[in-house]
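# Chain and residue survey
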Amino acid sequence: MTTLTARQEDIKKRAYAAGLEFREAAVRWDEDNRCDYRKVSDRMGELGFHGLTAPKQYGGQGGDCVDYVLAISEVFRGSGSWIPGEPIFCTTGPGPSMLMLCDNEVVKEKYLRNVITGRKGCAIALTEPNHGSDLTHLETTAVRDGDSYVINGSKAFVTGATYNEYYATFVRFDGVPGARGIGAVLIEAGLPGCITERGPEFLGSRGVPHGDVKFENVRIPAENLMFPAGQFAHMMSAFNMERLHNAAISLGCMMCAYDEASEYVQQRKVFGRPVIDFQAVYHTLADIAVTIEAQRLMAHHAAATAIEGRYPRMLEVTMAKFFGGTQVPVITMRCLEIMGGVGVTKKYVTQRVYRDAITNLVAGGAPAVLRNSIAAGLFPHHKFRQTVS
């Protein structure tokens, strides 16, 4: 196992305790598919989890990505829910990362501190209904009109859409095709023509606020330009933080399910002895523990090798996300299996964690897309073309 500093041990301990505070509420969030996100965010801020890796000059804590992995995985482990980790994600994840990476100081001064300190939320509006993972064929447009840009288009699967006040929005400029024409602007929610709708219900991660956003002739100040066209790869590097988040969620899912299953089989007796005494059961637990440790090491390595401690490297973090995303449904299913019939009842957390695990398989990039990224990282001089021409 990796050796943690005293500070990191403290983050780990506090994050697990924070997660436990929300364990009962998580049951209600799952059943209702709703939560009071502002209340959760404010509490996580009180507990010291806003802006973990963000610069101190903008109100952040100046920590690193290892702090982030510890916080997200232990909060999930304690709560059995995505939701308490969302305020950490929203104040340190790809939204703040895009703001930190952009060269527009006006945008930073106007928005960044509010986001990092949790006073306002910044969602990423990237995925579109007609294109999904095909990110270089976006149809949302930004047209310059004097000292403004006029935005038209639609975005889907926008995490935080129904709560957040800002949208870091990927747009196409001047009709330039492919990645070369894509840049980003910051749009404030509530502007005329900015329409937010609650998205479809997911199998897992229920209660996490998300939705669809439409832009119908939305006019924004030209100074809200975050990235001009031609910086697609630079912008996408912010999403390495989302992949680190997914890797940490996978780790938290695995640990949460393992904790409950291992405790249950030690207490439950059949045929006159504890369930854990059967070789099939303790061999299963041993296999699960090995996979958890592998995911921990991959996630921590991706975090520890992050550039400036803040920006995960593509290859390492994509491998950690891929391994965790593909293994966590398997691990949580095996936990259900050794718990027998009770494992699929709502009395236990593991059935919910299993549904979250399936969601995390595709969140932040489906396995096939991640394999593309991994191959590109392994063979940087070879062009793996995904388009027809």
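Up top you'll find the structure we're talking about.
Attention here is on the structure that accompanies the text. Here the structure is a predicted model, which means the values were calculated and not measured. (Residues numbered from 1 in each chain as written. Predicted model: local features only at pLDDT ≥ 70, side-chain atom pairs only at ≥ 80, totals over all residues. Heavy atoms only, no water.)

Take the overall build of the chain next. Broken down by element type, the chain carries 13 helices and 10 strands. Scaling as 2.2 N^0.38, a compact globule of 389 residues should have a C-alpha radius of gyration of about 21 Å, and the chain matches this with 21 Å. With the C-alpha coordinates aligned to their principal axes, the bounding extent of the chain is approximately 80 × 45 × 40 Å. When the accessible surface of the chain is summed, it comes to about 16,800 Å², and 53% of that surface belongs to carbon and sulfur atoms. Here the chain contributes 41 positively and 41 negatively charged side chains, and the mean placements of these two sets differ by 3 Å. (Helix = DSSP H or I, 4+ residues; strand = E, 2+ residues; numbered from the N terminus. Rg over C-alpha atoms; globule rule 2.2 N^0.38 Å. Areas by Shrake-Rupley, 256 points an atom, 1.4 Å probe, with all protein chains shown as cover. Lys, Arg positive; Asp, Glu negative; His and termini not counted. Charge placed at Lys NZ, Arg CZ, Asp CG, Glu CD.)

What follows deals with the layout of surface pockets. Looking at the second largest pocket, its volume works out to about 160 Å³. Residue lining of the second largest pocket: E21, F22, A25, R28, W29, D36, K39, V40 and R43, and that is the complete set. Taken together, the elements giving at least two residues each to the lining of the second largest pocket come down to α2 (23-32) and α3 (37-46). Considered class by class, the residues forming the lining of the second largest pocket number 4 nonpolar, no polar and 5 charged. (1 Å grid on protein atoms, 1.4 Å probe; cavity = no way out; pocket = protein on both sides within 12 Å on 5 of 7 lines; lining within 4 Å. Points joined across faces, edges and corners; volume = space filled by probe spheres on them. Nonpolar A, V, L, I, M, F, W, Y, C, P; charged D, E, K, R; others polar.)

Looking now at helix α4 (residues 65-79). With 15 residues, α4 extends 21 Å between its outermost C-alpha atoms, agreeing within 8% with the 21 Å of an ideal straight helix rising 1.5 Å per residue. For α4, the buried fraction is high: 14 of the 15 residues fall into the buried class. The opening residue of α4 is D64, an N-cap whose side-chain oxygen sits 3.1 Å from the backbone nitrogen of V66. One or two steps after α4, the chain reaches G80, where phi turns positive at roughly 70°. (Expected span 1.5 Å × (residues − 1). Buried < 20%, exposed > 50% of the residue type's maximum accessible area, 1.4 Å probe, protein only. Polar contact = N/O pair within 3.5 Å; in protein donor to acceptor, adjacent residues only side chain to side chain.)

Taking burial as the measure, the 8 residues of strand β4 (residues 166-173) include 8 buried ones, the bulk of the element. Of the two faces of β4, both are covered, the one formed by Y166, A168, F170 and R172 as well as the one formed by Y167, T169, V171 and F173. Looking at chain direction, strand β1 (residues 122-125) and β4 are connected through 4 bridges and run parallel. Each bridged residue has a counterpart across the sheet, and for I124 the counterpart in β4 is A168. Bridging between β4 and strand β5 (residues 182-188) involves 7 bridges; their strand directions are antiparallel. What sits directly across from V171, in β5, is G183. (Pairing = 2+ DSSP bridges.)

It is worth spelling out the pattern of salt bridges at this point. Inspection of the entire model under this criterion finds 17 salt bridges. Salt-bridge contacts for D30 lead to R355; the nearest nitrogen and oxygen are separated by 2.9 Å. Taken together, the positions of D30 in helix α2 and R355 in helix α12 (residues 350-362) put the pair 325 residues apart, joining distant regions of the chain. We note that D30, like R355, is buried. (Salt bridge = Lys/Arg side-chain N within 4 Å of Asp/Glu carboxyl O.)

Quick look at the nonpolar core now. Among the nonpolar cores identified, the biggest contains 63 residues, and W29, M44, F49, I88 and L244 are the most heavily contacted of them. Take this core: its biggest share by element is 14 residues, from helix α9 (residues 240-267). Residues in contact with F49, not counting those within four places in the same chain, are I11, R14, A15, A18, M44, Q61, A71, I88 and T91. (Core = buried A, V, L, I, M, F, W, Y, C linked by side-chain atoms within 4.5 Å. Contact = heavy atoms within 4.5 Å.)

Take unusual backbone geometry next. Phi angles above zero are rare outside glycine, and F157 is one such case at about 55°. As for its position among the elements, F157 is in strand β3 (residues 148-159). Its identity as a non-glycine residue notwithstanding, D174 has a phi of 60°, on the positive side. Looking at where D174 falls in the secondary structure, it is placed in the loop between β4 and β5. Judged by its relative accessible area of 72%, D174 falls in the exposed class.

To continue, consider the packing of aromatic side chains. Counted according to the given criterion, the structure contains 10 aromatic pairs. When the ring of Y167 is compared with that of F215, the centres are 6.4 Å apart and the planes differ by 70°; the resulting orientation is edge-to-face. Of the two residues, Y167 is situated in strand β4 and F215 in strand β7 (residues 210-221); the sequence distance between them amounts to 48 residues. We classify F215 as buried; its relative accessible area is 2%. Here the aromatic rings of F271 and F278 are separated by 6.5 Å at their centres, their planes lie at 70°, and the arrangement is edge-to-face. The ring of F278 carries the charged tip of R273 above its face, separated from the ring centre by 4.0 Å. (Phe/Tyr/Trp six-rings, centres within 6.5 Å; stacked < 30°, edge-to-face > 60°. Lys NZ or Arg CZ within 6 Å of the ring centre and 35° of its normal.)

Let us now look at the side chain of K108. Inspection of the secondary structure puts K108 in helix α7 (residues 105-116). A polar atom in the side chain of K108 sits 3.2 Å from the backbone oxygen of M100. Those residues within four positions of K108 in sequence are excluded, and the remaining contacts are Y58, L99, M100, C102 and R113.

Further remarks concern the environment of F239. Assignment of secondary structure puts F239 in the loop between α8 (232-236) and α9. According to the relative accessible area criterion, F239 is buried, its value standing at 10%. Sequence separation between F239 and T169 is 70 residues; the distance between their C-alpha atoms is 13 Å. Setting aside residues up to four positions removed in sequence, F239 forms contacts with P94, M98, I124, L126 and F170.

A word on the state of the cysteines. Within the structure shown, the criterion is met by 0 disulfides. C90 supplies the cysteine sulfur nearest to C122, a cysteine that is in no disulfide, at a spacing of 9.0 Å. Residue C122 is classed as buried on the basis of its relative accessible area of 5%. Cysteine C256 is unpaired, with the sulfur of C253 as its nearest cysteine sulfur at 7.5 Å. (Disulfide = S-S within 2.5 Å.)

Take it as geometry only, folks, not as evidence of what the structure does.
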